[in-house]
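Below are the chains, spelled out letter by letter.
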Number of protein chains: 4
Amino acid sequence: MRIGVLTSGGDCPGLNAVIRSVVHRAVVDHGDEVIGFHDGWRGLLEGDHRPLDLEAVAGILATGGTILGSSRVRPEQLRDGVERARSHVAKLGLDAVIPIGGEGTLKAARLLSDAGLPIVGVPKTIDNDIASTDVTFGFDTAVGVATEALDRLKTTAESHQRVLIVEVMGRHTGWIALHSGMAAGAHAIVVPERPFCIDELTAVVGKRFAAGKRFAIVVAAEGAKPRPGSMAFETGGTDVYGHERFAGIARQLAVELERRLAKEARPVILGHVQRGGTPTAYDRVLATRFGWHAVEAAHSGAFGMMTALRGTRITLVPLAEAVERLKTVPHERYDEAGCVL
Amino acid sequence: MRIGVLTSGGDCPGLNAVIRSVVHRAVVDHGDEVIGFHDGWRGLLEGDHRPLDLEAVAGILATGGTILGSSRVRPEQLRDGVERARSHVAKLGLDAVIPIGGEGTLKAARLLSDAGLPIVGVPKTIDNDIASTDVTFGFDTAVGVATEALDRLKTTAESHQRVLIVEVMGRHTGWIALHSGMAAGAHAIVVPERPFCIDELTAVVGKRFAAGKRFAIVVAAEGAKPRPGSMAFETGGTDVYGHERFAGIARQLAVELERRLAKEARPVILGHVQRGGTPTAYDRVLATRFGWHAVEAAHSGAFGMMTALRGTRITLVPLAEAVERLKTVPHERYDEAGCVL
Amino acid sequence: MRIGVLTSGGDCPGLNAVIRSVVHRAVVDHGDEVIGFHDGWRGLLEGDHRPLDLEAVAGILATGGTILGSSRVRPEQLRDGVERARSHVAKLGLDAVIPIGGEGTLKAARLLSDAGLPIVGVPKTIDNDIASTDVTFGFDTAVGVATEALDRLKTTAESHQRVLIVEVMGRHTGWIALHSGMAAGAHAIVVPERPFCIDELTAVVGKRFAAGKRFAIVVAAEGAKPRPGSMAFETGGTDVYGHERFAGIARQLAVELERRLAKEARPVILGHVQRGGTPTAYDRVLATRFGWHAVEAAHSGAFGMMTALRGTRITLVPLAEAVERLKTVPHERYDEAGCVL
Amino acid sequence: MRIGVLTSGGDCPGLNAVIRSVVHRAVVDHGDEVIGFHDGWRGLLEGDHRPLDLEAVAGILATGGTILGSSRVRPEQLRDGVERARSHVAKLGLDAVIPIGGEGTLKAARLLSDAGLPIVGVPKTIDNDIASTDVTFGFDTAVGVATEALDRLKTTAESHQRVLIVEVMGRHTGWIALHSGMAAGAHAIVVPERPFCIDELTAVVGKRFAAGKRFAIVVAAEGAKPRPGSMAFETGGTDVYGHERFAGIARQLAVELERRLAKEARPVILGHVQRGGTPTAYDRVLATRFGWHAVEAAHSGAFGMMTALRGTRITLVPLAEAVERLKTVPHERYDEAGCVL
């Protein structure tokens, strides 16, 4: 069998672990040949690739980034490129293509699959917002990095008697905010799924100080927004890919809370550190399992499917199902956390 | 409601997070009173306890160990102590007792529950061998610590051109060995569930050197054993609690592999570092959820049950079911890993 | 002997280690009594304190923040408070006061010392800009946190084919920028001591891309500034304590470099994570030694002095000497780094 | 200029950072050519080498191990090989050879230098026992790894109410034991320089338990020994290179303390994890500076010298001086630590 692999979208710890696992399973166990496309879909559209043998993936299991490179492609570019993709797949004699990527990538994968190409998807997102899988690799690392930062920030907030508003990733969903906030014992968490009431947030933080506490930590997903009318709020607009730009919620909240509470409030934006660098053991294991099962799916002809974690097992789910909707944080998780506004 | 909590058995990152969560949920949300028994079952048998309010659990979320202390109690001690436990529960006016512990603790919990005491168990084990739950807190931390050590050991093994046999925890099951070995890219893994053939292990390692590689890493669960007759093997005997003492498999393997391969082979025993210190974000979140749900179970009268993770949800399972058998590594996981002997 | 301790100024990993060490040395070895003033100079000016015995400092060696609290006091407040400080020292029967703090604190310490109070200073600054000592505790931790972040950011910069401008602490000096930049292999470093030329920076980064590299990392101390006239530059003004507010150099550089290079450029502001949380082993050892020697200084009547590291030894230097000038990065260090503009 | 580099002796975090720095300084700034010998002295004796350009050292700054490989060579092998080394240096047209290594390597370097070869040494040892330099790279990483392990072990020791005897590296000197023990707040430290009295150690640990404490941590350098006659003690013999084999002091102490105190005592041997993996920021900076100055020394003809840290500066010291004696822990450091027996 000949298999093509590509990685697309933003950086995510575990991408290299998937690539390595695909090569190990395919080459060692099945005697397949594997090639890697450069820079995501661009590589497939232009036929830009290189062979991936065992040597090519030696030592990459624990590294961040992707040895294949990535790039963002606008949906319409790909729509127009189906025939080019098909012709490169044919020319290269590929029996399967394994794209590893997030929501946008999986939608593109579905498009190509619907057009008859032999696609097996591997979901990737640090945001954990892909439906049909319990979790994806990258999320655990992002939560770990954010939690470690929150652990450090607590002592500083306390020494300076401040409110710190810590902005973590999560454009559409509050998964990273919820988990890192719970793990670090944040006093309030605001998430995109549930526009918050600034009066309520002020009350929660104010009550802490009233009770003699010397600091408060608020975790804000970058996509969190106040309830309309609740406070002045500037949105961030949209970028060239149609993605909403983040609004700087932490900065806006710091100004507002400082004004309302008469306490020093400071924003901290964790930013890109959450998505780079070496993956946690959890993410390496999950990524490795995804890679292994993607190869198995290719061999059993399960195209149009995506690897997914369900409980302790890896299964296959239709790409169509996975991209239908975003996986938001369910309400019972807010209750468990206790501090989600 | 009045709730008693205790922690029993070996150290496990996340114990304090459960205690804190129980107190937060019970005291803040339900207006309950919570007391903590000292040193596990001993505290219950002797009525040795102290009140647990919010102040008592401040700042413990991220700390290792247990603020309540722990101790090992032989099963027969507890069997004889049912009436004493019952009288202390009555005297203290407890509506629920939440023991947090491993297999032995949960068996004891079941015993007390069968005797009519209002018990809700919380499973704890770094070994991940408790049935009826996908995973327990402590395991992710243990795997993380072992993986970080393996990452470091690789460069040393390579610089010294050696075989390193790294012994990780896992008396009866190979979960830590499997996950840390996969996460770190070990070249061979041996586990208790499947006695290994020393000839096969020698062949796997020998093939690496024959292919020009300069080192090999073997991960051995402490309970791993060679197939009978496969090589000379000294067992470790049993301790006073009836637990099998570990045999020093890494040390025995190092001697055997050095002899067979004429390559330097060295044992590394990771030991107690795997079970102490600050929990990972994953374990803190899971422990916090377990604590929350244990209080809910108490309030809904779901006694004789244990909190469990199934997929992404926390559920309750009968203690009887949980202690029936050990959760061993299923065969498909060996296939995925590729390097389990 | 009776000794008073206080911590003043911004958070700095190692403060608690000094406090613990002072108590251990004074109480255990000399039979002294130790009290701690709350919230820095405020505690001394108001006589707000508590006793510090062994129990009070148990378990704090590895914790960030300060158990005594801190606060910022304007120089003039302290100048007016000399007599109040003197009276509290007399009333409390103190034979020595050990303030632990940065440049501002040490200047205040000198003022009180000149007024005849028995002061032994302990220098503290994550910025490493206190003269007369090779290094202070807190710096190593800050550099470590920044380096770990840079390690992670590299893979993201590469995956996204971007220029990342990473802003690290260093209002007046480039020590953290220099060390973290060297440790992480940054491609350019800009520091406050040497206003940079934007054309030169553009050229350095441009050359990398011209050579086929896919990303670049620029480390900027928060106090770095362009050469006058070199590029448009907005300063940040000054705050209520007369400290210059940071200008957001990373943000301004990102805009400028993106415009000049036609490459995506993004700012990352590491912020407060650099100054909180558990200290590195290096900082814990240094802080412990400083505390020990401060007590010795008190016992030998070496007032008006400050503990300092010189080579491998702790010595005492006059406070007057230490606060005379800031310790900037010497020119030979720029040469060694190779990439400081 | 043509420069040869080699790494010799045990693994040490920072070796790759030196190699990279030598190449960067020599190739980029001086236009030199650099070659690397494989596997330490063996590569020089056999002329086994490869060119080292910028590409060859890309991405190695933060990696453990050595890209050149290492090996141990017996002193007499090298003594007999001077002429072979000289002929390879001549044949390859080398103007300088930079060996990076520990005491044994530097002795060999001195031998070759005395024989007229153009040698500039770079000291390397995690043990910190090389004289004439304040510290060497690798030590900070080793101390950091040991301290992190000790932090974790504390909670376990406390939960289990045990004495843990933690064996850290340090064959001839107690530097790692001293620094990690101080950093983690160990209760007793035993070092090779000062044979300990077992009665005294027993008393120190016993006093803790008598005072109601629940655990004790003893840090033992692997080369620590009891005072003759103080307790039964088995030595470890010597290996093929004439190095003393470690005796298993932690294991022997655990048996002895358990017997004397009637408390559970367990040995933990940290082993190789201390010498592998990514270097700390401190070690990366120091290693980078050493590499830079080694090239400068070569260009200024300062042969027979070794790079050294003195205070904050890198200087050159005669190899002859550096290998004259081991740098042991000075007595005042024992006093500062307070808990060294």
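Residues numbered from 1 in each chain as written. Chains lettered and ligands numbered in written order. Predicted model: local features only at pLDDT ≥ 70, side-chain atom pairs only at ≥ 80, totals over all residues. Heavy atoms only, no water.

In the annotation of an unreviewed UniProt entry, the entry for chain A reads ATP-dependent 6-phosphofructokinase, and the organism field reads Streptomyces orinoci. Listed in UniProt under the heading Pathway (unreviewed entry), the comment for chain A reads: "Carbohydrate degradation; glycolysis; D-glyceraldehyde 3-phosphate and glycerone phosphate from D-glucose: step 3/4." Entered under Subunit (unreviewed entry) in the UniProt record, the comment concerning chain A runs "Homodimer or homotetramer." (UniProt positions renumbered as here; feature names shortened; annotations may be inferred.)

Comments concerning the pattern of salt bridges
The full count for this structure, using the stated rule, is 88 salt bridges over all chains. A salt bridge links A:R25 to A:E296, with the shortest nitrogen-to-oxygen separation between them at 2.7 Å. Residue A:R25 is located in helix α1 (residues 15-30), and its partner A:E296 is located in helix α10 (residues 281-299); the two are separated by 271 residues in the primary sequence. Here the salt bridges share partners, and the residues they tie into one network are A:D39, A:R42, A:E46, A:D48 and C:R214. (Salt bridge = Lys/Arg side-chain N within 4 Å of Asp/Glu carboxyl O. Helix = DSSP H or I, 4+ residues; strand = E, 2+ residues; numbered from the N terminus.)

Considering the interface of chain B and chain D
Across the boundary between the two partners, chain B contributes 32 residues, which contact 32 residues of chain D. Note on chain B versus chain D: buried area summed over both sides is about 2400 Å², and carbon and sulfur give 52% of it. At the surface where chain B touches chain D, the tally comes to two salt bridges. With its nearest N and O atoms 2.7 Å apart, the salt bridge here joins D:D39 to B:R214. Here chain B and chain D share 24 residue pairs in polar contact (both at pLDDT 80 or more) between them. Counting residues per element, the ones that place at least two in the side of chain B that touches chain D are α6 (139-160) and β9 (265-269) of chain B. Top contributing element to the side of chain B that touches chain D by residue count: α6(B), with 10 residues. For the side of chain B that touches chain D, the class distribution of residues is seven nonpolar, 16 polar and nine charged. (Contact = heavy atoms within 4.5 Å. Buried area = accessible area lost by both parts, 1.4 Å probe. Polar contact = N/O pair within 3.5 Å; in protein donor to acceptor, adjacent residues only side chain to side chain. Nonpolar A, V, L, I, M, F, W, Y, C, P; charged D, E, K, R; others polar.)

Describing the relation of the copies chain B and chain D
The transform that puts chain B on chain D rotates by 180 degrees and translates by 0.0 Å along the axis, for an RMSD of 0.0 Å. The transformation relating the two chain copies, once decomposed into turn and shift, fits a two-fold axis. Most of the interface of chain B is mirrored in chain D, where 100% of its interface residues are also at the interface. (Least-squares fit on C-alpha atoms with pLDDT ≥ 70 in both.)

Thoughts on the side chain of D:Q274
Residue and element names in this part refer to chain D. Positionally, Q274 belongs in the loop between β9 (265-269) and α10 (281-299). Looking at Q274, its side chain comes within polar contact range of the main-chain oxygen of G271, at 3.0 Å. Among residues more than four places away in sequence, those in contact with Q274 are I126, A142, V145, A146, E167, V168, M169 and I176.

Remarks on the arrangement of the chains
For the non-touching pair chain B and chain C, the nearest C-alpha separation works out to 11 Å. Between chain A and chain D there is no contact, and the shortest C-alpha to C-alpha distance separating them is 11 Å.

So, the UniProt feature "active site" (unreviewed entry) in chain A
All names here are of chain A. Per the UniProt entry, the sites bearing "active site" (unreviewed entry) are D127 in this numbering. Secondary-structure assignment places D127 in the loop between β5 (120-123) and α6 (139-160). Overall, the relative accessible area of 16% leaves D127 in the buried class. With residues up to four places along the chain from it excluded, the contact list for D127 reads F139, M169, G170, R171, T173, W175 and I176. (Buried < 20%, exposed > 50% of the residue type's maximum accessible area, 1.4 Å probe, protein only.)

Focus: the relation of the copies chain C and chain A
Expressed as a screw transformation, the operator carrying chain C onto chain A has a rotation angle of 180 degrees and an axial translation of 0.0 Å, and the superposed copies differ by an RMSD of 0.0 Å. Looking at the interface residues of chain C, 100% of them are also at the interface in chain A, so both copies use one shared face.

Quick word on the interface of chain C and chain A
Chain C puts 32 residues into the contact, and the matching count from chain A is 33 residues. Of the roughly 2400 Å² buried where chain C meets chain A, counting both sides, 51% is carbon and sulfur surface. Of all residues in chain C, C:R152, C:S159 and C:H272 give up the largest surface area on contact with chain A, accounting jointly for 28% of the area buried on that side. Here chain C and chain A share two salt bridges between them.

Looking at the sheet that holds strand β4 (residues 96-101) of chain D
All names here are of chain D. Within the open sheet, the seven strands sit side by side as β3-β2-β1-β4-β5-β10-β11. Their pairing is mixed. Single-partner strands in this sheet number two, and they are β3 (49-51) and β11 (313-318). When the angles between neighbouring strand axes are averaged without regard to direction, this sheet yields 30 degrees. Direction of pairing for strand β1 (residues 2-7) relative to β4: parallel, over a ladder of five bridges. By the bridge assignment, T7 is partnered in β4 with I100. (Pairing = 2+ DSSP bridges. Axes fitted to C-alpha atoms, helices over the stretch in contact; angles between N-to-C directions.)

Observations regarding empty space enclosed by the protein
Scanning the model with the defined rule gives six cavities of 30 Å³ or more in all. By volume, the largest cavity amounts to about 700 Å³. In terms of residue class, the lining of the largest cavity is made up of 18 nonpolar, eight polar and eight charged. Of the voids in this model, the second largest cavity is the one considered here, and its volume is about 280 Å³. Within the residue set of the lining of the second largest cavity, elements represented by two or more residues are α6 and β9 of chain B together with α6 (139-160) and β9 of chain D. Split into classes, the residues belonging to the lining of the second largest cavity amount to 12 nonpolar, no polar and four charged. (1 Å grid on protein atoms, 1.4 Å probe; cavity = no way out; pocket = protein on both sides within 12 Å on 5 of 7 lines; lining within 4 Å. Points joined across faces, edges and corners; volume = space filled by probe spheres on them.)

Quick look at the environment of A:L178
Residue and element names in this part refer to chain A. Here L178 shows up in helix α7 (residues 175-184). Exposure remark for L178: the relative accessible area of 0% places this residue in the buried category. For the pair L178 and V329, spaced 151 residues apart in the sequence, the C-alpha separation amounts to 8.5 Å. With residues up to four places along the chain from it excluded, the contact list for L178 reads I189, V329, R333, A337 and V340.

Examining the state of the cysteines
Considering all chains together, one arrives at zero disulfides over all chains under this definition. With no disulfide of its own, B:C339 lies 16 Å from the sulfur of B:C197, the closest cysteine sulfur. (Disulfide = S-S within 2.5 Å.)

A look at the pairing of strand β1 (residues 2-7) of chain A
Residue and element names in this part refer to chain A. Taken across its six residues, β1 has five buried, putting it largely inside the fold. The pairing of β1 with strand β2 (residues 33-37) spans four bridges and is parallel. Residue pairing across strands places R2 opposite E33, the latter belonging to β2. Traced from β1 through α1 to β2, the parallel crossover comes out right-handed. (Right-handed = clockwise from strand over helix to strand, strands pointing away.)

Re unusual backbone geometry
In this structure, A:A262 takes a positive phi of about 55 degrees despite not being glycine. Assignment of secondary structure puts A:A262 in the loop between α9 (249-261) and β9 (265-269). When its relative accessible area of 67% is taken as the criterion, A:A262 is described as exposed. One non-glycine residue, B:Q161, lies in positive phi territory at about 55 degrees. With respect to the helices and strands, the residue B:Q161 is situated in the loop between α6 and β6 (163-168).

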